[in-house]
Amino acid sequence: MTGIPLDPVLEQSSLSGQARSSAILITGAGGEVGHGLIRALWESGHRDIVALDIRRLDRELRDLCLDTFVGDICDSALLGRMLAMYEIRVIFHLAALLSTRGEFSPEAAHDVNVGGTMALLKLAAEQSRSHGERVKFVFPSSIAVYGLPDLATKRSAGRIGEDQYLEPTTMYGCNKLYCEHLGRYYQRHYRQLAKDRIPDVIDFRCVRYPGLISADTVPSGGTSDFAPEMIHAAAQQQRYACFVRPDTRIPFMTMPDAIEATMQLARADKSRLRRTVYNLGAFQPSAGEFAAIVGEHFPGAEIEFAPDVERQAIVDSWPEEVDDSAAREDWGYAPRHDLATAFGEYLVPRIRARYASS
Ligand code: SER
């Protein structure tokens, strides 16, 4: 089994040694990333997955988990019940309201995206203190943390590094950026003036995903959804009206590469991590180029472009390409799929099989 290793913290607490089963917690477990991550963890030998989602998980996913909880990540009574039963050692905190949905109810997005993350960071710090090992906190952030001021800047900026253009225009982007900072704070500075503080109380690791494309699930509520929606519509012989212009370019990656990268970062040797936050990129077709490839694989696909001004503005504020050299150097990030193999080896065969059997 390729388990997720842990670091000891410096102080042991009086609670360590109590008999609760040790567990990996996945929040937002029923979402797109959760689906892939639960399967990947199970395949790598983990039988200690505890899943939390606002909705009941599919039977297939429930069978891969040691236990599942249905409820709100901000519900402290629910988190308390979970802690009474499990010693949480690793957290993959995936639950979030994405960028399009968040613009219809920004306060609700803030509650889930920031409130939920705070609740889990606090839980992680308490767990680290109680069981004498640093809880590993793996957090997916997003290209939505970027905010390029205009199209001319976006087109001339080249590959954007982690610390550039951090002026997000969506509530989701603001929330993710702030939570990146909270994670860094909890890891390095939490209770920095308290006499009994534990240094580096949690082990916070964060990846910034580009747009994700899965063959198995269709996203909802995001603004990079046009690419996955386009290919899933074509496979079902449905017309698709793309909500951005054909020249719109942002980075994407396949879901298996996103899952693999997330697990790789979780397993990476801490001493090699120079940052808490890492960009990930793989390929960056324009929406028009993406439509052309969809058309090659699904002849007869009917794709039109009907840009939505507001959603277009959000995508226009995201980079064309990200600089992911830190991830490559520090922990060996190397996505398997480029644009051609994403279609030829992963998306097309799997999506065809999916809709042929449904
Ligand atoms: N996929 C996300 C969204 O569109 C970006 O990370 O909101």
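A quick note: this is a predicted structure, and the numbers were derived from the prediction, not measured.

**Things to note about the overall build of the chain**
- A tally of helices and strands in the chain yields 13 helices and 14 strands.
- Its C-alpha radius of gyration of 20 Å places the chain within 12% of the 21 Å reference for a compact globule of 358 residues.
- For the chain, the spread of C-alpha atoms along the three principal axes comes to 65 × 45 × 40 Å.
- Sequence separation of 24 or more characterises 77% of the internal contacts of the chain that already satisfy a separation of 6 or more.

**Here's the deal with the nonpolar core**
- Membership of the largest hydrophobic core comes to 80 residues, with the highest contact counts inside it found for I26, I38, F92, F226 and W331.
- Here this core takes 8 residues from helix 13 (residues 339-356), the largest share from any one element.
- Once you skip the residues sitting within four places of it in the chain, F92 turns out to touch I4, I24, L25, I26, T27, L37, L41, V138, T262 and A266.
- Within the second largest apolar cluster, 33 residues are counted, among which are F69, Y86, A95 and F204.

**Here we look at the side chain of S214**
- Locating S214 in the fold gives a position in the loop between strand 9 (211-213) and helix 8 (226-235).
- Residue class for S214 comes out buried when judged on its relative accessible area of 3%.
- A distance of 3.2 Å separates polar atoms of two side chains, one belonging to S214 and the other to T217.

**Remarks on the site of the ligand**
- What surrounds the ligand is the set L98, S99, S142, Y172, G222, T223, S224 and W318.
- In this structure, an oxygen atom belonging to the ligand sits 2.5 Å away from a side-chain N or O atom of S142.
- The fraction of the free accessible surface of the ligand (230 Å²) that becomes covered by protein chains is 92%.
- Residues belonging to the shell around the ligand are distributed by class as follows: 3 nonpolar, 5 polar and no charged.

**Some details on helix 10 (residues 287-297)**
- Residues A287, F290, A291, I293 and V294 constitute the buried set of helix 10. Viewed end-on, helix 10 has its buried residues packed into an arc of 165°, placing them on one side of the element.
- Of the surrounding secondary structure, the elements contacted by the buried residues of helix 10 are strand 9, helix 8, strand 10 (240-242), strand 13 (303-305) and helix 13.

**Regarding the packing of aromatic side chains**
- Summed over the entire model, instances satisfying the criterion amount to 12 aromatic pairs.
- Aromatic pair Y186 and Y190: ring centres 4.4 Å apart, planes at 20°, arrangement stacked. Like Y186, the residue Y190 is buried in the burial classification.
- An aromatic cluster of three or more residues is present, and its members are F226, F243, F252, F290 and F343.

**A look at unusual backbone geometry**
- Its identity is not glycine, yet Y165 carries a phi of approximately 50°, on the positive side.
- Looking at the element boundaries, Y165 is found in the loop between strand 7 (159-160) and helix 7 (171-188).
- With a phi angle near 55°, Q237 is a residue other than glycine that sits in the positive phi range.
- If you trace the backbone, Q237 turns up in the loop between helix 8 and strand 10.
- When its relative accessible area of 75% is taken as the criterion, Q237 is described as exposed.

**Section: a negative patch on the surface**
- On the surface, D72, D75, E107 and D111 cluster together into a negatively charged patch.
- Here D111 shows up in helix 5 (residues 106-131).

**As for the packing of helix 10 against helix 13**
- Running from N to C, helix 10 and helix 13 cross one another at 50°; their axes reach a closest spacing of 11 Å. By the angle between their directions, the pair helix 10 and helix 13 is classed as oblique. Handedness of the crossing formed by helix 10 with helix 13: right-handed. Only L339, F343, G344, V348 and R352 of helix 13 make contact with helix 10, whose side of the interface consists of F290, I293, V294 and H297.
- Partitioning the contact of helix 10 with helix 13 into residue classes produces 6 nonpolar, 2 polar and 1 charged.

**What about the pattern of salt bridges?**
- Taken as a whole, this structure holds 24 salt bridges when the rule is applied.
- Here R89 ties to E133 by a salt bridge, and the two come within 2.0 Å at their closest N and O atoms. Here R89 is found in strand 5 (residues 86-93), whereas its partner E133 is found in strand 6 (residues 133-142), with 44 residues between them in sequence.
- We classify R89 as buried; its relative accessible area is 18%.
- Here the salt bridges share partners, and the residues they tie into one network are R159, E321, D323, D324 and R328.

Parameters and conventions
Within each chain, residue numbers correspond to sequence positions counted from 1 in written order. Totals for whole chains, interfaces and linings use all residues, but because this is a predicted model, local features are given only for residues with pLDDT of at least 70 and pairs of side-chain atoms are given and counted only at 80 or more. In computing side-chain properties, one takes all heavy atoms of the structure into account and sets aside hydrogens as well as water. What counts as a helix is a DSSP run of H or I of at least four residues, what counts as a strand is a run of E of at least two, and both are numbered from the N terminus. Each radius of gyration is computed over the set of C-alpha atoms, and the globule rule expresses the reference value as 2.2 Å times the number of residues to the power 0.38. Contacts are assigned to residue pairs with any non-hydrogen atoms lying within 4.5 Å of each other. The criterion is simple. A nonpolar core is a set of buried Ala, Val, Leu, Ile, Met, Phe, Trp, Tyr and Cys residues joined through side-chain atoms within 4.5 Å. Throughout, exposure labels follow a simple rule: accessible area from a 1.4 Å probe, protein chains only, divided by the maximum for the residue type, with under 20% read as buried, over 50% as exposed, and the rest as partly exposed. Polar contacts here mean pairs of N or O atoms no more than 3.5 Å apart (in protein, one a potential hydrogen donor and the other a potential acceptor; neighbouring residues in sequence count only if both atoms are side-chain atoms). One heavy atom within 4 Å of a molecule or strand is enough for the residue carrying it to be called near that molecule or strand. For the accessible areas, the method is Shrake-Rupley and the probe is 1.4 Å, while residue cover comes only from the protein chains on display. Side-chain classes follow a simple rule in which Ala, Val, Leu, Ile, Met, Phe, Trp, Tyr, Cys and Pro form the nonpolar group, Asp, Glu, Lys and Arg form the charged group, and the remainder, Gly included, forms the polar group. What the arc measures is the spread of directions leading from the helix axis to the C-beta atoms. Each pair of aromatic rings taken from Phe, Tyr and Trp, with Trp reduced to its six-membered ring, is defined by centres within 6.5 Å and is described as stacked if the planes are under 30 degrees apart, edge-to-face if over 60, and tilted in the remaining cases. What makes a patch is a set of residues exposed beyond 30% relative accessible area and free of salt bridges, joined within 9 Å when like-charged and within 5 Å when nonpolar (Val, Leu, Ile, Met, Phe, Trp, Tyr). Salt bridge, as applied in this entry: a Lys or Arg side-chain nitrogen positioned within 4 Å of an Asp or Glu carboxyl oxygen. Counting rule for charge: Lys and Arg are taken as positive, Asp and Glu as negative, and neither His nor the chain ends is counted. Note on charges: their place is set at NZ of Lys, CZ of Arg, CG of Asp or CD of Glu. To obtain an axis, a line is fitted to C-alpha atoms, over the contacting stretch when the element is a helix, and the angle between two such axes runs from 0 to 180 degrees between their N-to-C directions. Any angle that falls under 35 degrees is termed roughly parallel, while one over 145 is termed roughly antiparallel, one within 65 to 115 roughly perpendicular, and all others oblique. Note on convention: the crossing is left-handed when the near helix lies turned anticlockwise from the far helix by less than a right angle, right-handed when the turn is clockwise.

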